[in-house]
Amino acid sequence: MALKLAFSPCPNDTFVFHALAHGLVPDAPPVTVTYADVDVTNTAAQRGEYDLVKVSYAALPWLLGDYELLPCGGALGRGCGPLLLTGDAAGPRLTDGDLTGASVAVPGERTTAYLLFRLWSAGRPPARIEVVPFHEIMPAVAAGRFDAGLVIHEARFTYHRYGLTELVDLGAWWESDTGLPIPLGAILARRGVVDPARARSWVRESVRRAWADPAASRNYVLAHAQEMEPDVVDRHIKLYVNEFTEDLGVEGHAAVTALLQRAAAHGLTPPLPPG
C-alpha cells in the first residue's frame, strides 16, 4: 500500500524528495505525492490526511499528538529567514517599525514566518493581518493592496524586481536574539501508520541521493519550480538544503525547542508535550 506523502513544489522539497517520490530509495514503500503550499499541509496534517508530510515548525504543537518529528528532510538554517517587505507608498511610514493600523499580508496563520513576525512585533502597535498565498504577496504589496508583506522561499532573491524594500529580516533578528538557526519546515511521520525509524532512513537516503547526483532531479525540480529561473532555483536549493536537512543535530533541536517554548510563553501556541 502506498504511503501518502505531501510537500511543497518548492525546489528544496522537490530536490530532497526526488529519490523517494520516484522509487529510488531501497526498501522504501511506494508513495503517492501531493504538492501543496505549507499553509495547506499545516491544516491537512491536523486532519490526518498524510502519512509523511512537510509542515511549518510553528504548527508542531498542534500536530505532535498524531505525528512524530523526523530529524531530517526539513528546512532549517542561517540567513534563510522570512522578510517583511514594503512598497514605496508605505515605506517612509513603516521604516521605524511602527505598524499601527498597517495592513500586512502573511503566508499562513501557522507558518513559522508569521510566528516569527508575532514574536518580533510583540509590544509593537498592532497591524491588520490578512492571509494571502505566498506567491501573491509581493505583487499585492507592489500594487498597494497591502502596506507590507511577509515573504518566504525564493522571494528573498526576487523582491527587488517588484520595487519592494526590506523592513526587517526576521531570520537575522532571530539569529541575533538567540544565536540559533531558524527552524522553518519540518517533516512528520504519522504515528501508528509509519515506523519513524524506517521513515528517517528513507528520508535521509533521499537527501543523500539528491546531493550525490543533483542532475538526476533537475528536470523534476524545474518542472515544479513555478517558472523560477534556473539560477534562482540553484540559489534556493543551496540556501535551504544544508547539513540540518540531513540531521537536525543538537543545534537544530535546540532551535526548534527555543522557538516553540518562546511561542508558548507568549501564548501564541500550545505548550510542547513532554519530551
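See the structure above.
Residues numbered from 1 in each chain as written. Predicted model: local features only at pLDDT ≥ 70, side-chain atom pairs only at ≥ 80, totals over all residues. Heavy atoms only, no water.

Caption draft 1: Local environment of the overall build of the protein chain. Helix and strand content of the protein chain: 13 helices and 10 strands. Here the C-alpha radius of gyration of the protein chain, 18 Å, is about what a compact globule of 275 residues would show, namely 19 Å. Reported as C-alpha extents along the three principal axes, the dimensions of the protein chain are approximately 55 × 45 × 30 Å. For the protein chain, buried positions account for 55% of its 275 residues. A separation of at least 24 residues holds for 80% of the contacts in the protein chain among residues at least 6 apart in sequence. Of the roughly 11700 Å² that the protein chain leaves accessible, carbon and sulfur atoms contribute 51%. (Helix = DSSP H or I, 4+ residues; strand = E, 2+ residues; numbered from the N terminus. Rg over C-alpha atoms; globule rule 2.2 N^0.38 Å. Buried < 20%, exposed > 50% of the residue type's maximum accessible area, 1.4 Å probe, protein only. Contact = heavy atoms within 4.5 Å. Areas by Shrake-Rupley, 256 points an atom, 1.4 Å probe, with all protein chains shown as cover.)

Caption draft 2: Main features of the packing of aromatic side chains. This model, assessed by the stated rule, comprises five aromatic pairs. Aromatic pair Phe 7 and Phe 17: ring centres 4.9 Å apart, planes at 15°, arrangement stacked. One end of the pair, Phe 7, is in strand E1 (residues 3-7); the other, Phe 17, is in helix H1 (residues 11-21), with 10 residues separating them in the sequence. Aromatic side chains Phe 117 and Trp 120 sit 6.0 Å apart centroid to centroid with 45° between the ring planes, which places their arrangement in the tilted category. With Phe 117 and Trp 120 both in helix H5 (residues 112-120) and three residues apart, the pair spans about one turn of that helix. Phe 117 gets classed as buried once you look at its relative accessible area, which sits at 4%. By relative accessible area, Trp 120 is classed as buried at 11%. (Phe/Tyr/Trp six-rings, centres within 6.5 Å; stacked < 30°, edge-to-face > 60°.)

Caption draft 3: Structural view of the nonpolar core. Counting 82 residues, the largest nonpolar core has Leu 52, Tyr 57, Leu 60, Phe 117 and Leu 188 as the members making the most contacts within it. Of the residues forming this core, the biggest block, seven residues, is contributed by H5. Ile 137, Ala 140, Ala 155 and Tyr 159 belong to the second largest nonpolar core, which has 13 residues in total. (Core = buried A, V, L, I, M, F, W, Y, C linked by side-chain atoms within 4.5 Å.)

Caption draft 4: Inspection of the environment of His 153 at higher detail. Within the secondary structure, His 153 is located in the loop between strand E8 (148-151) and helix H7 (155-158). As for His 153 and Glu 136, which are separated by 17 residues in sequence, their C-alpha atoms are 13 Å apart. The contacts of His 153, once residues within four sequence positions are left out, are Cys 10, Phe 134, His 236 and Tyr 240.

Caption draft 5: Region of the structure containing the sheet that holds E8. Read across the open sheet, the five strands follow the order E7-E6-E8-E5-E9; overall the sheet is mixed. The open sheet has two edge strands, strand E7 (128-131) and strand E9 (165-169), and neither has a second partner. Within this sheet the neighbouring strands show an average axis-to-axis angle of 25°, counted without direction. Two elements, strand E6 (residues 103-106) and E7, share four bridges in a ladder whose sense is parallel. Across the sheet, the residue bridging to Ala 105 is Glu 130, located in E7. Strand contacts of helix H8 (residues 170-178): E8 and E9, with the helix running at about 25° to E9, the strand carrying the most contacts. (Pairing = 2+ DSSP bridges. Axes fitted to C-alpha atoms, helices over the stretch in contact; angles between N-to-C directions.)

Purely spatial values, then, with no claim about function.
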